[in-house]
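Coordinate inspection notes
Listed below, chain by chain, are the residues.
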Amino acid sequence: MSEFFSERFGATGINKHYLLGHDAAAALLIDGRLVAAVEEERLNREKKTTDFPVNAIDWCLAEAGITYDDVDLFAFPWNWSAQVLDETLDAIRASSAPQDTKTGLMADMTDLYDQVVSPEAILADFEARTGHRPDPAKVRFVPHHLAHAMTGYYLAGMKDAAFLVSDGRAERFSTLTGEIRDGRITVFDDTVIGAQFSMGTLFSSITRFLGFVPNNDEYKVMGLAGYAAPPTPNPFIDKLLTLHDDGRYTFTKPLQTDNLHSHDALFEEYFGPFEDTLAYTSRVAAAAQEMLNVATAHQVSHLEKRTDLDRLLFEGGVALNCLNNTPLFEGSRFEDMQVSFGASDTGITIGAAAHAWLNHPDTAPADIRAASGPITPYLGPSYDEAAMEKALQPFTDLVVVSRLDDDEVIDQVAKLLTQKVVIGWFEGRIEHGPRALGHRSILANPGFSDIKDIINTRVKHREPFRPFAPLVLEEQAPQIFDMGRKSSSPYMTFVFPVRDEYKDRIPGAVHVDGTSRIQTLTDEGTPRLTALLRKFTELTGTPCLINTSFNVAGEPIVCTPTDALNCFMGTEIDYLILGNHLVAKKQKKEHPVPTIQRKHTMYHSTVLDADPDTVWATVRDAMQILDIVSPGDLDIHRDVSWVEGGSVDTVPARYDFKLTLNGRLVQQEIAARDEINKTQSYRAVAPTSGVAKYEATIRVFPITNDPARSFFDWSRTLDIAEDADLNVVEAIIDVMEKQTDAVRDHFAKTAK
């Protein structure tokens, strides 16, 4: 699907996930019980993958010990019927666009249907990827928004509820409301809003405008919103958003779903030319957040008049905007509001399967009662002791491992966390959904005021403005956070103000606006992590732990023990809990790359004594950074062939770069640069010196509240050739280990 959007809509790079085709996943129900679910990205290691979830499907079947032939129903969370195509084409014909534009868009939509999303195309793709062609009588195509609604209903225990679903777009629409009673969905048809007025897509457009990845980085916009108050008046609300008496909303300028930049000029009209500054981006983010809050509150206000039910389910990508969820619930008459751990497109496979099962004629009320009850998010792969021991073997020369019993894990980790350390925590089945919920997490002590910056710069390699979520015992949460009518928040889907008396006690978990996105723990839900938090609180008096996902920026959450070890070794995480193994790094290693392990990842970061613009003006240029990190007495000849024009003094966005030493080719690279995000990535195009493959990225970030300094990140991945001389590889890596320090020293001298 991504290839189609790349060719027809130019949706590549930062816009790769702008339209459809993200969050591939699979789920399996047996007799109505959810026995397995996992996102494809966890297995193929491509974040937000657009690929067919063949690995996820295979794992679910293997986990249950069944084959394709044993499956009674195959459910797909989209229903691109011929009727949907006809309605889409009719809408294009009726639009005010120029005829040439309409003709081209209609052709693209017809091809999209025929080649990608029609039932025939989906089943053909399924067969091509799995080797199995489902019997059409066993196939159910569930409309996308109904799959979302059913996800929330099923995961909340299948109790009657009203629902609001809002995301980028489904087959034709972007948001709707309705009810679910006894497993049957009723959509309030007059509340349906078309894709051209999608709040989710508009928020994604703003995300892209601010330099982030749409359908992926909206949480960054939420983080930025805390750094500014929304402007008064807010042009998004006063000029763009129109609220209607029937609970719907529209935009004065409809979105062009075939034009990823259709509203960029409007954003600059409202806020002035784009500026890559915290002041500008946070002001836009705060305005966008207020607009989203107003629009969804308007929908819920109308919904509560249409239904006599007292429970609200909020699902779809917009429901992950946790800044909106708390005021949305508090401003409603509903007695409870739930946002599931599968609210985004990761969870719709669960909803599609539940919809197919609930609507099957053989499903009896007794079956539904037997399967009802809240569902754990820990649904993915787990790994036994033998798998962990096997994963540790290639790291024998690099780590020190202690085998602990259960009580010792709790006691020793709690004691370690009294210090300013960062711990990778790996246990049980991996959680489903976009949040790390304590089985693949990074933990730290929020009592240190600088712990957030330490994790962001040394471990996560991400923007310094990004906040972290605290773990808190459910029974203690209302004492620490102003939770209003909520008593729990187990999936990090609500944000609450931190009570004044606790802000100084957990500074590392308090966002700049005085709030926290919390995860409440219970002994039933996460017994081991809950025991750790109890012990930590007993030792320190601090009632929370920082919890963030076990990964680095741009990578999926770790899944396997090897994933965890690679992330641990490639970052400045201090300790790793791998089941019952406490893993620490040896101070000195004989070889950085063991014979068995062929991928070596390095993340180097430092703070520079120069503002981001000054730093970027230097490190954006391969020639200048080479001068900084290479010894001056080497006879280096630099041969640069420009891909898009330019010269040594005018470096283009893309270029080829060759480095020869004493007449011998040392390096040949292709580089690409993003001026907005101050990011440069490059890769080797030919193997050399035992390195079969080499990729690297340089990033420059601003530092919150310190505009005169910058955060510099240099990440590199080397694939080591099978016949490599490890002494040569070690020498190469030793040189690379020192290069970030050379950049730091350069700017320190310049500052003087």
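First things first, this report covers the structure right here in the doc. Everything numeric in this text was worked out from a predicted model, so none of it was measured. (Residues numbered from 1 in each chain as written. Predicted model: local features only at pLDDT ≥ 70, side-chain atom pairs only at ≥ 80, totals over all residues. Heavy atoms only, no water.)

With respect to the overall build of the protein chain
Helices and strands together make up the secondary structure of the protein chain, namely 25 helices and 29 strands. In the protein chain, which comprises 752 residues, the share counted as buried stands at 56%. Just so you have it, the protein chain exposes about 30300 Å², and 49% of that area is on carbon and sulfur atoms. (Helix = DSSP H or I, 4+ residues; strand = E, 2+ residues; numbered from the N terminus. Buried < 20%, exposed > 50% of the residue type's maximum accessible area, 1.4 Å probe, protein only. Areas by Shrake-Rupley, 256 points an atom, 1.4 Å probe, with all protein chains shown as cover.)

Details of a negative patch on the surface
A surface patch of negative charge is lined by Asp31, Asp69, Asp70, Asp72, Asp362 and Asp367. Residue position: Asp362 is located in the loop between α14 (348-358) and α15 (365-371). Of the residues examined, Asp362 reaches a relative accessible area of 62% and is grouped as exposed. (Patch = residues over 30% accessible without salt bridge, like charges linked within 9 Å, V, L, I, M, F, W, Y side chains within 5 Å. Salt bridge = Lys/Arg side-chain N within 4 Å of Asp/Glu carboxyl O. Lys, Arg positive; Asp, Glu negative; His and termini not counted. Charge placed at Lys NZ, Arg CZ, Asp CG, Glu CD.)

A word on the pattern of salt bridges
Tallying each qualifying case throughout the model produces 29 salt bridges. For Arg172, the salt bridge goes to Glu87, with nearest N and O atoms at 3.1 Å. A residue pair is termed long-range when its members are at least 10 positions apart, and Arg172 in the loop between β5 (161-166) and β6 (173-181) and Glu87 in helix α4 (residues 82-94) qualify at 85 residues. Close ionic contact of Lys420 with Asp450 constitutes a salt bridge, the shortest N to O distance being 3.0 Å. Highlighted residues: Lys420 in the loop between α17 (406-416) and β14 (422-426) and Asp450 in the loop between β15 (440-444) and α18 (451-460), separated in sequence by 30 residues. For Lys420, a relative accessible area of 41% puts it in the partly exposed group. A residue is classified by how much of its surface remains accessible, and Asp450, at 29% relative accessible area, is partly exposed. One network of salt bridges, in which partners are shared, links Glu39, Glu41 and Arg42.

Some thoughts on α4
If you check α4, its first and last C-alpha atoms are 18 Å apart, about what 13 residues at 1.5 Å a residue would give, namely 18 Å. Buried within α4 we find Val84, Leu85, Thr88, Leu89 and Ile92. For α4, the arc enclosing every buried residue in end-on projection is 130°, short of the 170-degree limit, so these residues lie on one face. α4 presents Gln83 and Ala94 as exposed residues on the side facing more than 90 degrees away from its buried surface. As for α4, its buried residues are in contact with α5 (99-117). (Expected span 1.5 Å × (residues − 1). Arc of directions from axis to C-beta. Contact = heavy atoms within 4.5 Å.)

Quick notes on the nonpolar core
Core analysis: the biggest nonpolar cluster contains 59 residues, and Ile206, Phe236, Phe251 and Phe481 have the highest contact counts within it. Considering each element in turn, this core owes the most residues, ten residues, to helix α12 (residues 278-306). Setting aside its immediate chain neighbours within four residues, Ile206 contacts Phe236, Phe267, Val284, Ala288 and Met291. Residues Ala161, Val165, Ile350 and Met492 belong to the second largest nonpolar core, which totals 32 residues. (Core = buried A, V, L, I, M, F, W, Y, C linked by side-chain atoms within 4.5 Å.)

Description of the side chain of Thr191
With respect to the helices and strands, Thr191 occurs in the loop between β7 (184-187) and β8 (193-194). Each residue touching Thr191, except ones within four places of it in the same chain, is listed here: Thr175, Leu176, Thr177, Asp246, Arg248, His302 and Arg306.

Considering the packing of α17 against helix α21 (residues 527-540)
Where α17 contacts α21, the axes come no closer than 9 Å and their chain directions differ by 45°. Here α17 lies oblique to α21, going by the angle between them. Considering the relative orientation of α17 and α21, their crossing is right-handed. Listed contacts from α21 to Asp406, Val409, Ile410, Asp411, Val413, Ala414 and Lys415 of α17 are Arg528, Ala531, Leu532, Lys535, Phe536 and Leu539. For the contact of α17 with α21, the per-class residue count stands at eight nonpolar, no polar and five charged. (Axes fitted to C-alpha atoms, helices over the stretch in contact; angles between N-to-C directions. Parallel < 35°, antiparallel > 145°, perpendicular 65-115°, else oblique. Left-handed = near helix turned anticlockwise from the far one by under 90°. Nonpolar A, V, L, I, M, F, W, Y, C, P; charged D, E, K, R; others polar.)

Focus: helix α23 (residues 612-619)
All buried positions along α23 are accounted for by Pro612, Val615, Trp616, Thr618 and Val619. Taken around the axis of α23, the buried residues stretch over an arc of 160°, which confines them to a single face. Of the residues that open α23, the one with a side-chain oxygen 3.0 Å from the backbone nitrogen of Asp613 is Asp611. (Polar contact = N/O pair within 3.5 Å; in protein donor to acceptor, adjacent residues only side chain to side chain.)

A short note on the packing of aromatic side chains
By the definition in use, this model includes 19 aromatic pairs. Measuring from centroid to centroid gives 6.2 Å for Trp78 and Trp80, while their planes differ by 25°, and the two rings are stacked. In terms of burial, Trp78 and Trp80 fall into one category: buried. Consider the rings of Phe236 and Phe271, whose centres lie 5.2 Å apart with planes at 55°: the pair is tilted. Pair noted here: Phe236 is in helix α10 (residues 235-240) and Phe271 is in helix α11 (residues 264-271), with a separation of 35 residues, a long-range link. (Phe/Tyr/Trp six-rings, centres within 6.5 Å; stacked < 30°, edge-to-face > 60°.)

Considerations on the pairing of strand β22 (residues 581-585)
Counted residue by residue, β22 has four buried out of five residues, so it is predominantly covered. Looking at chain direction, strand β13 (residues 399-403) and β22 are connected through five bridges and run antiparallel. Across the sheet, Val399 pairs through a bridge with Lys585, a residue of β22. With four bridges connecting them, strand β21 (residues 575-578) and β22 associate as antiparallel partners. Residue pairing across strands places Tyr575 opposite Ala584, the latter belonging to β22. Counted between consecutive antiparallel strands, the loop separating β21 from β22 contains two residues, among which Gly579 sits at a positive phi close to 65°. (Pairing = 2+ DSSP bridges.)

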